[in-house]
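One-letter residues, chain by chain:
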Amino acid sequence: MLLLFDVGNTHTTVALTRDGKMFEKYRISTKKYETEDELYVFLKSLYGGTVIEGIATVVSSVVPSLNIVFEYFANKYGDGNVYFVSSTDYNKIVWNINYPKELGADRVCDVIAAYKEYGKDCIIIDYGTAITIDVLKDGVYEGGVIMPGFAMMINALFKGTAKLPLVEIKPYDGFIGKDTESNIRIGTINATVGAIKYVVENITKEYNTPPVIIHTGGHALYVQKIVDGVVDRDLTLRGMYYFYEEKKNSAC
């Protein structure tokens, strides 16, 4: 059994797995835990009678200030081992960027899983607080794109204006809004999807053969009927598992 934590700016996905294929997973607010004991109480309430003590911990985190919580958790409740995902600790892929250490752990996981399961030519789009686009070409990670996520754009309009409301994160069926809500949904969701399509179309021109386009992350389902590609909600978790397997085997 392995305990996985995918720590995002807004939510943390926690998952238990035996084989890296099936996951018993939950999403909790990243702000809900600040100590190893609080985290343990959360997990016990989620997993009930399942034994979570004494097992290894893998962490993909974009919130470095919380990393110490997982170190304390692993020492107190786990088996003492915590594996933090980093590109510099995974040499099966060439990271052809200026500062590989700066690459977010979630993006590293996405690229690892995409390479393992979809091949050497992939474009991965991860819809979280921020939307990231990652480019894997001929088995080499060539870089990518970061842009505001859907919720971030909607919240920016709400907080930055006097009268605009918060609206549902959902594409609008059309491009001319008849009320304030539809105007906002077109401007934030539809327009962002259009930007993604434009960027992906131009990235695709760099490939000799068409790459596999993969959508993942919390809001991936919103675009599955709009943008070409496959939706793979557990891509990041499987990348964490592959990272762990590589680190475990290299330590043997």
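Residues numbered from 1 in each chain as written. Predicted model: local features only at pLDDT ≥ 70, side-chain atom pairs only at ≥ 80, totals over all residues. Heavy atoms only, no water.

Asker: How do you make sense of the overall build of the protein when you look at a structure like this?
Answerer: When helices and strands are tallied, the protein shows six helices and eleven strands. Scaling as 2.2 N^0.38, a compact globule of 252 residues should have a C-alpha radius of gyration of about 18 Å, and the protein matches this with 19 Å. Along the three orthogonal principal directions, the C-alpha set of the protein runs to about 55 × 45 × 30 Å. Every one of the 252 residues in the protein was classed for burial, and the buried ones make up 46%. By sequence separation, contacts in the protein at least 24 residues apart represent 55% of the contacts at least 6 residues apart. Element-wise, carbon and sulfur atoms account for 51% of the exposed surface of the protein, whose accessible area totals about 12,800 Å². (Helix = DSSP H or I, 4+ residues; strand = E, 2+ residues; numbered from the N terminus. Rg over C-alpha atoms; globule rule 2.2 N^0.38 Å. Buried < 20%, exposed > 50% of the residue type's maximum accessible area, 1.4 Å probe, protein only. Contact = heavy atoms within 4.5 Å. Areas by Shrake-Rupley, 256 points an atom, 1.4 Å probe, with all protein chains shown as cover.)

Asker: Explain the sheet that holds strand E8 (residues 130-137) here, please?
Answerer: What links the strands of a sheet is backbone hydrogen bonding, and the strands pair in either a parallel or an antiparallel sense. Taken together, the six strands give an open sheet; going across it, the order is E6-E9-E8-E7-E10-E11, and neighbouring strands pair in mixed fashion. Strand pairing shows two members of the sheet lacking a second neighbour, strand E6 (94-95) and strand E11 (230-231), which therefore form its edges. Pairing between strand E7 (residues 122-127) and E8: six bridges, direction antiparallel. When the bridges of E8 are listed, Ile125 appears paired with Ile133. Helix H5 (residues 180-204) rests against E7, E8, strand E9 (140-148) and strand E10 (212-216) of the sheet, and its axis sits at about 15° to E8. (Pairing = 2+ DSSP bridges. Axes fitted to C-alpha atoms, helices over the stretch in contact; angles between N-to-C directions.)

Asker: When you look at the nonpolar core in this model, what are you seeing that I'm missing?
Answerer: The tendency in soluble globular proteins is for nonpolar side chains to be buried side by side. Within the largest apolar cluster, 29 residues are counted, with the highest numbers of intra-cluster contacts made by Leu4, Ile93 and Trp95. Taken together, the elements giving at least two residues each to this core come down to strand E1 (2-7), strand E4 (56-61), helix H3 (105-118), E7 and helix H6 (235-251). With seven residues, the top contributor of residues to this core is H3. Not counting residues within four places of it along the chain, the set of residues in contact with Trp95 comprises Ser87, Tyr90, Pro100, Leu103, Val108, Val111 and Tyr141. Val135, Ile169, Ile196 and Val200 belong to the second-largest nonpolar core, a separate cluster that totals 22 residues. (Core = buried A, V, L, I, M, F, W, Y, C linked by side-chain atoms within 4.5 Å.)

Asker: So what exactly am I meant to see when it comes to the pattern of salt bridges here?
Answerer: When their charged atoms lie close together, side chains carrying opposite charge are able to pair. Tallying each qualifying case throughout the model produces nine salt bridges. We note a salt bridge from Lys25 to Asp234, for which the minimum N-O separation is 2.3 Å. On the criterion of sequence distance, the pair formed by Lys25 in strand E3 (residues 24-29) and Asp234 in the loop between E11 and H6 is long-range, its members being 209 residues apart. Residue Asp37 is joined to Lys76 by a salt bridge in which the shortest nitrogen-to-oxygen separation is 2.8 Å. Of this pair, Asp37 sits in helix H1 (residues 36-47) while Lys76 is found in helix H2 (residues 67-76), placing the two residues 39 residues apart along the sequence. Since its relative accessible area comes to 30%, Asp37 is described here as partly exposed. A network of salt bridges, in which partner residues are shared, links Glu117, Asp232 and Arg238. (Salt bridge = Lys/Arg side-chain N within 4 Å of Asp/Glu carboxyl O.)

Asker: When you look at unusual backbone geometry in this model, what are you seeing that I'm missing?
Answerer: Backbone geometry places Asp138, a non-glycine residue, at a positive phi of 55°. Secondary-structure assignment places Asp138 in the loop between E8 and E9.

Asker: Before we go on, may I ask you to explain the sheet that holds E3 in this structure?
Answerer: Pairing within the open sheet is mixed, and its five strands lie in the order E3-E2-E1-E4-E5. With one partner strand each, in any of the chains shown, E3 and strand E5 (82-84) form the two edges of the open sheet. For this sheet the average axis-to-axis angle between neighbouring strands, irrespective of direction, equals 20°. Of the strand pairs in this sheet, E4 and E5 are connected by three bridges, and their pairing is parallel. The residue of E5 that forms the bridge with Val58 is Tyr83. Lying over the sheet, H2 contacts E1, E4 and E5, oriented at roughly 155° with respect to E5.

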